[in-house]
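# A structural walkthrough
This is what each chain is made of:
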Amino acid sequence: MEKWKIHVRAKLFQRDCQQKDPFNGLFNTYSRLLEKCELRDGLWEESQESSPVGNDHVMESLREKLQLRLQLREGELAREKLSQKVSDLTSSLYLKEAELQYCHSQVSRYRKEALSLARNASSLQSRLLECEYTLERQSKELSALRAECRALQEELVGAWQEKEQLLERWLEEKREEAERVNQHNDAQERWHHFTMRLTRHLRSRSRRQSESKTGGQCHTWTATDRPTVTED
Amino acid sequence: MADDKDVLRDVWFGRIPTCFTLYQDEITEREAEPFYLLLPRVSYLTLVTDKVKKHFHKVMRQDDVEEMWFEYEGTPLKWHYPIGVLFDLHASNTALPWSITVHFKDFPERDLLHCPSNSVIEAHFMSCIKEADALKHKGQVVNEMQKKDHKQLWMGLQNDKFDQFWAMNRKLMEYPTEEGGFRYIPFRIYQTMSDRPFIQKLFRPVSPDGHAHTLGDLLKEMFPAAIPQDDEQKKYQVIIHGIEPMLETPIQWLSEHLSHPDNFLHISIIPAPSD
């Protein structure tokens, strides 16, 4: 039992030990005596009103009568109390029966609740099992996919390296080709240059020849001569 | 709950030995003897003092008799507070029997409500029950009850019948298991050192994160001075039904077991005795 609950129970017990129990008996006796006193007072007043003043013999018979009436009243009072107690006990019995019925209804309600909870629990358990199975399957799939991904990544690295090599080779080839084209172009240019000079030379020679034949102003060609431009 | 039913019984059958004395200035035909009575803590003064009235009427002139009222050491006692609350608040650390002075004149209109008959007490009691149920179940339980069920609650209190009362009151103490308690806890905090009659606010039995609130949590929010700080001497006593429960006690359990028949948890805060 919780500490706070034990404390409450103990303190309530202690409270009654201090406040109720020492006075309970005393106050009950006081109340009973008070009742008795009231009864006697009532009877005394009644007898005072009804009885005339008489001799000792009359007084004696009156006292006896009074005693009997007192006993009768006390008996009546006791009977009233007992009948009250019986009625209290009967109503208490009815209440207990009602309480019992209520308890039965509560038990059946809780039983139903327990059954439905058990059903829910079993369905949840089966769902849990299903989920566990799915989880296991998916984790297997995940690990297979991870392995596949790893292999693909390795392949990708290889392909990448191969591509780099090919690119390097292609660039080398292109560079060589460019050099070849440049050389060819240089040769072409030189060839073209020589062709031009030769053409010019041949043209100037043929002109000088034709001029010497016609006696016109001419320029004598020597081996050391450079080609010159002739002016008309 | 089997063990806890004993707590309900102890609460219901709590008694205070009381000595009623007629006020010295009241005019009597002969000397008035004091009257002794064991008062039920959960009942109301005017409901259980018919015998007191009858006892003192015998020695008084009928012309001098007006409405009866009670006083303790100069403080008029409010009949609409439960007897146990009045005792805890005004006389818990005094010698027993509790000495109450009875008056038949000079009714203190400013301090007390009139109580011409038991039907006034019944109306007050039922209105408290309805208010408490409005806090606990939005008033649904008490509204679903029939007139005879209301009567059973009242008759149970009036005739001091524990079983009769609890057969019906049990319904007012139920709550859905999944909610962990009532909607709000019906409580009232009384202080002797304040002019305010009592503190009453909304307070849930369970915190938003699902923790059960305790008596300490309630006091921390409503009356923080009642909780002693570290190394500090206790300044106040927190009393319910004449006992000081631990501050760790869940407020829901207290509401279910230590509430008065009006379904309110009446908490008295008094200065701690200096010795």
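From a predicted model like this one, the values you see are computed outputs, not experimental measurements. (Residues numbered from 1 in each chain as written. Chains lettered and ligands numbered in written order. Predicted model: local features only at pLDDT ≥ 70, side-chain atom pairs only at ≥ 80, totals over all residues. Heavy atoms only, no water.)

A separate point is the environment of A:D16. Position of A:D16 among the secondary structure elements: in helix α1 (residues 3-19). Expressed as a C-alpha distance, the spacing of A:D16 and A:Q67, which sit 51 residues apart in the sequence, is 40 Å. With residues up to four places along the chain from it excluded, the contact list for A:D16 reads A:D21, A:P22, B:D10 and B:G14. At a separation of 3.1 Å, a polar atom in the side chain of A:D16 contacts the side chain of A:R15. (Helix = DSSP H or I, 4+ residues; strand = E, 2+ residues; numbered from the N terminus. Contact = heavy atoms within 4.5 Å. Polar contact = N/O pair within 3.5 Å; in protein donor to acceptor, adjacent residues only side chain to side chain.)

Time to look at the sheet that holds strand β1 (residues 15-22) of chain B. In any sheet, the strands associate via hydrogen bonds between backbone groups, in a parallel or an antiparallel arrangement. All names here are of chain B. In spatial order, the strands read β2-β1-β5-β3-β4; together these five strands make up an open sheet with mixed pairing. Looking at the sheet topology across the chains shown, the edges are occupied by β2 (35-40) and β4 (75-76). One ladder, built from three bridges, connects strand β3 (residues 69-72) with strand β5 (residues 98-103); its direction is antiparallel. Within β5, the position partnered with E71 by the bridge is T101. (Pairing = 2+ DSSP bridges.)

Moving on: a nonpolar patch on the surface. A contiguous nonpolar patch, built from A:L167, A:W170 and A:L171 and spanning about 310 Å² of accessible area, is present on the exposed surface. With respect to the element layout, A:L171 can be found in helix α3 (residues 56-214). (Patch = residues over 30% accessible without salt bridge, like charges linked within 9 Å, V, L, I, M, F, W, Y side chains within 5 Å. Areas by Shrake-Rupley, 256 points an atom, 1.4 Å probe, with all protein chains shown as cover. Salt bridge = Lys/Arg side-chain N within 4 Å of Asp/Glu carboxyl O.)

All names here are of chain B. Contact pair helix α4 (residues 118-137) / helix α6 (residues 147-158): the axes reach a minimum separation of 11 Å and the direction vectors enclose 120°. With respect to α6, the axis of α4 lies oblique. Crossing angle aside, the handedness with which α4 passes α6 is right-handed. Here α4 contributes N118, I121, E122, F125, M126, I129 and K130 to the contact with α6, which in turn contributes H150, K151, L153, W154, L157 and Q158. In terms of residue class, the contact of α4 with α6 is built from seven nonpolar, three polar and three charged. (Axes fitted to C-alpha atoms, helices over the stretch in contact; angles between N-to-C directions. Parallel < 35°, antiparallel > 145°, perpendicular 65-115°, else oblique. Left-handed = near helix turned anticlockwise from the far one by under 90°. Nonpolar A, V, L, I, M, F, W, Y, C, P; charged D, E, K, R; others polar.)

Annotation from UniProt places "domain: Autophagy protein ATG5 UblA" (unreviewed entry) at residues 11-104 of chain B. Taken end to end, residues 11-104 of chain B is 20% helix and 28% strand, and its first and last C-alpha atoms sit 32 Å apart. (UniProt positions renumbered as here; feature names shortened; annotations may be inferred.)

Here, UniProt's "coiled-coil region" (unreviewed entry) annotation points to residues 135-187 of chain A. This span, residues 135-187 of chain A, is 100% helix and 0% strand, and a straight line between its end C-alpha atoms measures 77 Å.

Attention shifts here to helix α1 (residues 4-12) of chain B. By the burial criterion, the buried members of α1(B) are B:D4, B:V7, B:L8, B:V11 and B:W12. Seen from one end, α1(B) has its buried residues packed into an arc of 130°, which puts them on one side. Where α1(B) is buried, its residues contact α1 of chain A together with β1, α6, α7 (162-172) and α9 (251-257) of chain B. (Buried < 20%, exposed > 50% of the residue type's maximum accessible area, 1.4 Å probe, protein only. Arc of directions from axis to C-beta.)

On to a positive patch on the surface. All names here are of chain A. A grouping of R197, R200, R203 and R207 is seen on the molecular surface, where their side chains present a positively charged patch. In this structure, R197 sits in helix α3. Judged by relative accessible area, R197 falls into the partly exposed class, the value being 48%. (Lys, Arg positive; Asp, Glu negative; His and termini not counted. Charge placed at Lys NZ, Arg CZ, Asp CG, Glu CD.)

Here the focus is the UniProt feature "domain: Autophagy protein ATG5 UblB" (unreviewed entry) in chain B. Per the UniProt record, "domain: Autophagy protein ATG5 UblB" (unreviewed entry) is found at residues 184-269 of chain B. The span residues 184-269 of chain B carries 17% helix and 16% strand; its end-to-end C-alpha distance comes to 21 Å.

Here we come to unusual backbone geometry. Glycine aside, residues mostly have negative phi angles, and peptide bonds mostly take the trans form. Residues and elements named next belong to chain B. Residue L96 is joined to P97 through a cis peptide bond whose omega torsion reads 0°. Within the fold, P97 resides in the loop between α3 (83-91) and β5. One non-glycine residue, D106, lies in positive phi territory at about 50°. Considering the arrangement of structural elements, one finds D106 in the loop between β5 and α4. The exposed category is assigned to D106, whose relative accessible area is 66%. One non-glycine residue with positive phi stands out, namely D160, at about 55°. Residue classification places D160 among the partly exposed residues on the basis of a relative accessible area of 28%.

This next bit is on the nonpolar core. All names here are of chain B. Core analysis: the biggest nonpolar cluster contains 53 residues, and F125, I189, L218 and L258 have the highest contact counts within it. A per-element tally of this core places α7 first, with five residues. Contacts of F125, omitting those with residues within four sequence positions, involve Y44, L153, W154, L157, F165, P261 and D262. Membership of the second largest hydrophobic core comes to 30 residues, among which are L45, L77, F87 and A91. (Core = buried A, V, L, I, M, F, W, Y, C linked by side-chain atoms within 4.5 Å.)

With that out of the way, let us pick up the interface of chain B and chain A. At the interface, 44 residues of chain B touch 28 residues of chain A. Summing both partners gives a buried area of about 3000 Å² for chain B against chain A, and 61% of it is carried by carbon and sulfur. For chain B, the biggest contributors to the area lost against chain A are B:R170, B:I243 and B:M246; these three give 18% of the whole. Where chain B meets chain A, there are six salt bridges. The partner of A:K5 in a salt bridge is B:D4, and the shortest N-O contact between them spans 3.3 Å. Applying the counting criterion to the chain B and chain A interface returns ten residue pairs in polar contact (both at pLDDT 80 or more). (Buried area = accessible area lost by both parts, 1.4 Å probe.)

With that settled, the discussion passes to the packing of aromatic side chains. In total, this model carries 17 aromatic pairs over all chains according to the counting rule given. On the basis of an interplanar angle of 90° and a centroid distance of 5.4 Å, the ring pair of A:Y30 and B:Y36 is categorised as edge-to-face. Residue A:Y30 is located in helix α2 (residues 21-50), and its partner B:Y36 is located in strand β2; the two belong to separate chains. Seen from their ring centres, B:Y190 and B:F198 are 5.6 Å apart, and the 65° between their planes marks the pair as edge-to-face. One aromatic cluster is present, built from ring pairs that chain together A:F23, A:F27, A:Y30, B:F35 and B:Y36. It is B:R170 that lies over the ring of A:Y102; its NZ or CZ is 3.7 Å from the centre. Positioned above the aromatic ring of B:F264 is the side chain of B:R188, whose terminal nitrogen or guanidinium carbon lies 4.0 Å from the ring centre. (Phe/Tyr/Trp six-rings, centres within 6.5 Å; stacked < 30°, edge-to-face > 60°. Lys NZ or Arg CZ within 6 Å of the ring centre and 35° of its normal.)

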